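Chain residues, written in single-letter form:
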Amino acid sequence: MEPVKTEQLNRFAGFGIGLASLFTENVLAHPCIVLRRQCQVNYHARHYHLTPFTVINIMYSFNKTQGPRALWKGMGSTFIVQGVTLGAEGIISEFTPLPREISHKWNPKQIGEHLLLKSLTYMVAMPFYSASLIETVQSEIIRDNTGILECVKEGIGRVIGLGVPHSKRLLPLLSLIFPTVLHGVLHYIISSIIQKFVLLILKRKTYSSHLAESTSPVQSMLDAYFPELIANFAASLCSDVILYPLETVLHRLHIQGTRTIIDNTDLGYEVLPINTQYEGMRDCINTIRQEEGVLGFYKGFGAVIIQYTLHAAVLQITKIIYSTLLQNSA
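Residues numbered from 1 in each chain as written. Predicted model: local features only at pLDDT ≥ 70, side-chain atom pairs only at ≥ 80, totals over all residues. Heavy atoms only, no water.

A. Geometry of the side chain of Gln-307. Following the sequence through the fold, Gln-307 ends up in helix α12 (residues 301-329). A relative accessible area of 9% places Gln-307 in the buried class. When sequence neighbours within four positions are dropped, the list of residues in contact with Gln-307 reads Ala-29, Cys-32, Ile-33, Arg-36 and Asp-240. (Helix = DSSP H or I, 4+ residues; strand = E, 2+ residues; numbered from the N terminus. Buried < 20%, exposed > 50% of the residue type's maximum accessible area, 1.4 Å probe, protein only. Contact = heavy atoms within 4.5 Å.)

B. Spotlight on the confidence of the model for the chain. Summary statistics for the chain give a mean pLDDT of 87 and a share of 89% for residues scoring 70 or more. Within the chain, no element has a lower average pLDDT than helix α1 (residues 3-28), which sits at 71, and none a higher one than helix α10 (residues 244-255), at 97. (pLDDT = per-residue confidence, 0-100.)

C. Geometry of the packing of helix α6 (residues 108-137) against helix α7 (residues 150-160). In contact at an axis separation of 8 Å, α6 and α7 are set at 125° when each is read in the N-to-C sense. Relative to α7, the element α6 lies oblique. In this structure, the crossing between α6 and α7 has a hand that is right-handed. Contacts between α6 and α7 involve Pro-127, Phe-128, Ser-130, Ala-131, Ser-132 and Glu-135 from the first element and Glu-150, Cys-151, Val-152, Glu-154, Gly-155, Ile-156, Arg-158 and Val-159 from the second. Classifying every residue of the contact of α6 with α7 gives 7 nonpolar, 3 polar and 4 charged. (Axes fitted to C-alpha atoms, helices over the stretch in contact; angles between N-to-C directions. Parallel < 35°, antiparallel > 145°, perpendicular 65-115°, else oblique. Left-handed = near helix turned anticlockwise from the far one by under 90°. Nonpolar A, V, L, I, M, F, W, Y, C, P; charged D, E, K, R; others polar.)

D. Local environment of helix α2 (residues 30-41). Taking 1.5 Å per residue as the helical rise, α2 with its 12 residues ought to reach 16 Å, and the 17 Å between its terminal C-alpha atoms agrees with that figure. By the criterion of burial, α2 is predominantly enclosed, with 12 of the 12 residues buried. Listing the buried residues of α2 in full gives His-30, Pro-31, Cys-32, Ile-33, Val-34, Leu-35, Arg-36, Arg-37, Gln-38, Cys-39, Gln-40 and Val-41. (Expected span 1.5 Å × (residues − 1).)

E. View of a nonpolar patch on the surface. A surface patch of nonpolar side chains, amounting to about 240 Å² of accessible area, comprises Ile-141, Ile-142 and Val-271. Looking at where Ile-141 falls in the secondary structure, it is placed in the loop between α6 and α7. (Patch = residues over 30% accessible without salt bridge, like charges linked within 9 Å, V, L, I, M, F, W, Y side chains within 5 Å. Areas by Shrake-Rupley, 256 points an atom, 1.4 Å probe, with all protein chains shown as cover. Salt bridge = Lys/Arg side-chain N within 4 Å of Asp/Glu carboxyl O.)

F. Looking closely at the pattern of salt bridges. Summed over the entire model, instances satisfying the criterion amount to 11 salt bridges. Notably, a salt bridge pairs Glu-89 with Arg-100, separated by 3.7 Å at the nearest N-O pair. You can see Glu-89 sitting in helix α5 (residues 75-95) and its partner Arg-100 sitting in the loop between α5 and α6, a full 11 residues away along the chain. What makes Glu-89 buried here is its relative accessible area of 9%. Under the relative-accessibility criterion, Arg-100 is labelled partly exposed at 35%.

G. Here's a closer look at the nonpolar core. Counting 14 residues, the largest nonpolar core has Leu-176, Val-249, Leu-253, Tyr-278, Met-281, Cys-284 and Ile-288 as its most contacted members. Dropping the residues within four chain positions of it, Met-281 is found in contact with Phe-178, Pro-179, Leu-182, Leu-246, Val-249 and Leu-253. Core analysis: the next-biggest nonpolar cluster, separate from the first, contains 12 residues, Ile-17, Phe-226, Tyr-244 and Phe-301 among them. (Core = buried A, V, L, I, M, F, W, Y, C linked by side-chain atoms within 4.5 Å.)

Shown next as structure tokens:
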């Protein structure tokens, strides 16, 4: 294969594989995220949707009664939250000595400063995360056609105490800081550890196979891109599964008192109000345990299974397409 052609194919492949992964994480997974969040905040629900089969059934019902928009709502706001998070992290690290990256010669002080930067970032993004959560769970039946920047307006309104009138049960942002930062930092720590661990195993495996036999150019190019994607996939999956109960508590605290009307996840039609009265994180944990049982923390877990099955399938399909392209041009 000509070196120039190989390099062009490499660049194209790197871009294509990255794009496929991003598309899966942010677009294809969105209906699963919408349903998972609706199940998490629905304290009325008798059906917990712990398996993919009931989740697919309820997705079909929502699609039939409200149209496809019911499963794609709030997608723009999730991108805004990602943008705010990245922007806040960049600005804070620019104006403070807090490091964005941890160097190889790390020490406990550097890790502490790095995690402090992450904590401050999650605090800045918190009101927008709250507004985005409302957009993704609010029923399409009673919802106005909100603009893409509604999430920004609502987030700022929540900080300064203006905007949509909320009920007295609304928890102040100060009391949401601890659960939000705790979830964000733990998610970051777990995913970072898993990612490094999986990457190390895959690279060692690749290295030993390279020593054992001369690998084909196709295999060596696959080894250049796929270990990182697999490591990212494993990191996201493990952190989402481990922190699912905490995420359920976090979402219930954020949604309380916002006068949000959600879809009935038991029937697939009708709507329900959210009228919880949690006093804080501990009260929320105790109430869920008493009233809904331990499995109450895992409502909507079937959506996570679908989300990561889709992601794994896209990774596998991308790998097959890429291998075929390389072999044809070899």
